[in-house]
Each structure stands twice: as C-alpha cells, then as structure tokens.
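In case you want the letters, here they are:
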Amino acid sequence: MARILVSGATGFLGSHLFHHLENLGHEVFGTTSRANAREHILSCDIRDQRSLVEVFNRAAPQIIIHCAAISSVTSATPLEYYHVNTVGTENVVRAAANLPWRTRFILISTAGVYGNQEPGLLSEGLCPKPVHHYGMSKFSAERALMNFEADIDYTVIRPFNIIGEGQAGDFIVPKLVDAFHQRSAVLSLGNIDVFRDYIDVLDACELINKLTFNPSAIGEISNLCTGRPTSIKELIAILTEITGHQIALEVDQRFVRKNEVWRLLGDTSKLEALTGGKIIGTDIDQSLRQMLAAKDRI
C-alpha cells in the first residue's frame, strides 16, 4: 500500500478518487482550497508554494495525483486559468520534486488540449490544438510537468467527459439530469449537435488507479475515455425515455461557443494497452439512471 496525495480532493473527480483509493487500502491525503478542511484533507492554495511545502511535509506522499484545477471552460477569467492550472501545477510539481525520495506524479489534464482535429478518433500522438483558455492552460501544465522528468516519474492523463454523482450543475450532463429530475417545461442550451465521449466517474477512478501503478505508464500520455460518441440529442432522448418527461428545447446564444469543439472522441488503444484490457465501462443509460437516483436521495 502507498501514501498518496490527491490534490483537489473535495472536487468532483478528486473526491471520488480519494474514496476509491482509501477503499483499496492506501493511506490517502487530500488538498482542498476550501476553509473547512478535515483530517487527511488539508487546506491549501496551490498558487502558494509555501502552503504546498507544509502540505507535502505533513502528507509525505509517495504518489501525487494532481486533480486540482479550474475545470469548466467558461467559469473563470483567462488569467485565472493560467494562475491555477499552469502555475499552480508547476508549484505542485516542484514540491514533489523537492521531496527526499523520487515520487510518482499523475497529472489529470484534459482532452480539451486536442481542440478540433480531422481524425474521428483522437490519439495521444496528435499535435494539440486547444481552442479555449482551459485547454491551453492544461497543455501548458503538461509541458511544465515534462520539464521535471529527471526528478519525478510522471504520467499525463487526458480525461474526456467524466460524468457521475456530485458533478457541478454548470456541466451539460448534470444540467440535463437536473432539468429532467425537476420536470422542467423548457430547457435553454447552446449547441446540441456536438458529440462527446462520456465515461462514468467510478470507471475513471479505477482506470486512473491502474495507470498509477503500472510502471509502463511512466513518461506516457494516456487518454481516459471509452471511444463511444454520444450527442446531446441522444442524452436528451435517453433521459426522456427514463423519466417519461418531455422538455421543450430552446437555443440560448449565451451558451453557444464560437470556438465549439464539435466532436471529442478518444482513441482507447493506448489506454487499453496500459490498463490490460478492452474498455467496456458503464453504459451511459446506467450512469444517467444513477445520477437521477442520487437526486432522489438529496
């Protein structure tokens, strides 16, 4: 078993990953930017190097899984993305590199670094072409991390669209789930003819675990995806069938992005090679049912 530090451990992916690793028997610490820290979840601003040094001295991690980030495409100013996602990441990497032992470092990046590409499936060998500050700040974080390859054993993971219980409502799937759960009459959306590669958060956690403990993944970039495209129209149709509720759709220009990535679909070949098998994953129908059920428990 290992001592693991999960940054951003009160966020969507970070919180699920924290509990998943604990359940596997690891000693897990986490960081949060929130004030209400608790045992093993330590308050930390990743923009502050001194704050990070204190956390690393307390946790003494052998493995760092860096989830902390501004993760929404539209939730911050351009400068904030780079302060947190790029400079913050380099701060975390420096803190790891300064430990008296060689650490394993997992950077949770994003498939947003790919941007609009010609191939149907996006593979790790493509030249990134990010079209928004979120994607650009994450690609910059990847490059900053790689400058430390002499000091740490890193892997870059590029998640596609992770979904599941606890995801913030400003993302499209929880927004849809909430609207159908509330049986809203009308729903305002942006572009609905986009295709995304959705992966359940519990599947994502297990794949991250496999990549973390596979020595063959060191120095590699890996997608985190299913290779299956689903459009927003299809999501709406599935939710309509599950709930029996019809929602009228309207296009709101505030949600229409000029630099929209129309098709974001991952190549699973490398992921399958590094995790030891075909990516099956949870059906999108089942993930949506679980998200709806979670609403009933609130």
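Just so it is clear, the model here is predicted, and its values are computed rather than measured.

Peer 1: Just to check I follow, could you spell out the overall build of the protein for this structure?
Peer 2: Looking only at helices and strands, one finds 9 helices and 13 strands in the protein. For a compact globule of 298 residues, the expected C-alpha radius of gyration is about 19 Å, and the protein comes in at 19 Å, within 12% of that figure. With respect to the principal axes defined by its C-alpha atoms, the protein has extents near 60 × 45 × 40 Å. Taking all 298 residues of the protein together, the buried fraction comes to 52%. Within the protein, residue pairs in contact and separated by at least 24 positions form 78% of the contacts whose partners lie at least 6 positions apart. When the accessible surface of the protein is summed, it comes to about 13600 Å², and 51% of that surface belongs to carbon and sulfur atoms. Distance from the positive charge centre (28 side chains) to the negative charge centre (33 side chains) of the protein: 2 Å.

Peer 1: Help me out: how do you make sense of the layout of surface pockets in this one?
Peer 2: It is a probe the size of a water molecule, rolled over the atoms, that shows where empty space is left. Size it by volume and the second largest pocket reaches roughly 180 Å³. Residue lining of the second largest pocket: 13 residues in total, with Leu207, Lys210, Lys278, Ile279 and Ile280 positioned closest to the centre. Looking at the lining of the second largest pocket, the element that brings in the most residues is helix α6 (residues 201-212), giving 4 residues. Class assignment for the residues of the lining of the second largest pocket results in 4 nonpolar, 5 polar and 4 charged.

Peer 1: It is not clear to me how helix α4 (residues 133-146) should be interpreted in this structure. Could you clarify?
Peer 2: Turn by turn, an α-helix covers 3.6 residues, leaving residues three or four places apart pointing in a common direction. An ideal rise of 1.5 Å per residue puts 20 Å on 14 residues; α4 measures up with 20 Å between its terminal C-alpha atoms. Summarising the contacts, the buried residues of α4 are in contact with α3 (78-97), β5 (104-108), β6 (153-159) and β10 (221-224).

Peer 1: What should I look at first to understand the environment of leucine 187 in this one?
Peer 2: Its place among the elements puts leucine 187 in strand β8 (residues 186-189). You can call leucine 187 buried: its relative accessible area is 7%. Separated by 95 residues in sequence, leucine 187 and threonine 282 place their C-alpha atoms 26 Å apart. Apart from residues lying up to four places away in sequence, leucine 187 is in contact with Lys175, Leu176, Ala179, Ile247, Ala248, Leu249 and Glu250.

Peer 1: When you look at the packing of α3 against α4 in this model, what are you seeing that I'm missing?
Peer 2: The description of two packed helices rests on the angle between their axes and on the distance between the axes. Where α3 meets α4, the axes come as close as 9 Å, and the angle between the chain directions of the two elements is 20°. Taken as axis vectors, α3 and α4 run roughly parallel relative to one another. Between α3 and α4 lies a crossing whose hand is right-handed. Where α3 abuts α4, its residues Pro78, Tyr81, Tyr82, Asn85, Thr86, Thr89, Glu90 and Val93 lie against His133, Tyr134, Met136, Ser137, Lys138, Ser140, Ala141, Ala144 and Leu145. For the contact of α3 with α4, the class distribution of residues is 9 nonpolar, 6 polar and 2 charged.

Peer 1: Sorry, what's going on with the side chain of threonine 155 here?
Peer 2: Of note, threonine 155 is situated in strand β6. In this structure threonine 155 touches Arg104, Phe105, Ile106, Leu107, Ala217, Ile218, Gly219 and Glu220, once residues within four positions along its chain are discounted.

Peer 1: Just checking my understanding: could you explain unusual backbone geometry for this structure?
Peer 2: Trans peptide bonds make up most of the peptide bonds, and negative phi angles are found at most residues other than glycine. For alanine 60, which is not glycine, the phi torsion reads 45° and is therefore positive. If you trace the backbone, alanine 60 turns up in the loop between α2 (49-59) and β4 (63-66). One non-glycine residue, arginine 183, adopts positive backbone phi at about 55°. With respect to the helices and strands, the residue arginine 183 is situated in the loop between α5 (172-181) and β8.

Peer 1: I would appreciate a short explanation of the packing of α5 against helix α7 (residues 232-243) in the present structure.
Peer 2: Where α5 meets α7, the closest approach of the two axes is 10 Å, and the angle between their N-to-C directions is 30°. Relative to α7, α5 is oriented roughly parallel. The two elements α5 and α7 cross, and the hand of that crossing is right-handed. Listed contacts from α7 to Ile172, Val173, Leu176, Val177 and Phe180 of α5 are Ile232, Leu235, Ile236, Leu239, Thr240 and Thr243.

Peer 1: Explain the sheet that holds strand β1 (residues 3-7) to me, please; I cannot follow it from the model alone.
Peer 2: Pairing is parallel across the open sheet formed by 7 strands, whose spatial order is β3-β2-β1-β4-β5-β6-β10. Two strands lie at the open edges of the sheet, namely β3 (41-43) and β10, each paired on one side alone. Neighbour-to-neighbour, the strand axes of this sheet turn through a mean angle of 20°, independent of strand direction. By the bridge criterion, 4 bridges tie β1 to β4 in an arrangement that is parallel. Paired with serine 7 across the strands is histidine 66, a residue of β4. Against the sheet, α4 touches β5, β6 and β10, its axis set at about 165° to β6.

Peer 1: Would you explain α7 in this entry?
Peer 2: Between its first and last C-alpha, α7 extends 16 Å over 12 residues, near the 16 Å set by a 1.5 Å rise per residue. All buried positions along α7 are accounted for by Ile232, Leu235, Ile236, Ile238, Leu239 and Thr240. Each element contacted by the buried residues of α7 is listed here: α5, β8, β9 (195-200), β11 (229-231), β12 (248-251) and α9 (284-297).

Calculation notes
- Residues numbered from 1 in each chain as written.
- Predicted model: local features only at pLDDT ≥ 70, side-chain atom pairs only at ≥ 80, totals over all residues.
- Heavy atoms only, no water.
- Helix = DSSP H or I, 4+ residues; strand = E, 2+ residues; numbered from the N terminus.
- Rg over C-alpha atoms; globule rule 2.2 N^0.38 Å.
- Buried < 20%, exposed > 50% of the residue type's maximum accessible area, 1.4 Å probe, protein only.
- Contact = heavy atoms within 4.5 Å.
- Areas by Shrake-Rupley, 256 points an atom, 1.4 Å probe, with all protein chains shown as cover.
- Lys, Arg positive; Asp, Glu negative; His and termini not counted.
- Charge placed at Lys NZ, Arg CZ, Asp CG, Glu CD.
- 1 Å grid on protein atoms, 1.4 Å probe; cavity = no way out; pocket = protein on both sides within 12 Å on 5 of 7 lines; lining within 4 Å.
- Points joined across faces, edges and corners; volume = space filled by probe spheres on them.
- Nonpolar A, V, L, I, M, F, W, Y, C, P; charged D, E, K, R; others polar.
- Expected span 1.5 Å × (residues − 1).
- Axes fitted to C-alpha atoms, helices over the stretch in contact; angles between N-to-C directions.
- Parallel < 35°, antiparallel > 145°, perpendicular 65-115°, else oblique.
- Left-handed = near helix turned anticlockwise from the far one by under 90°.
- Pairing = 2+ DSSP bridges.

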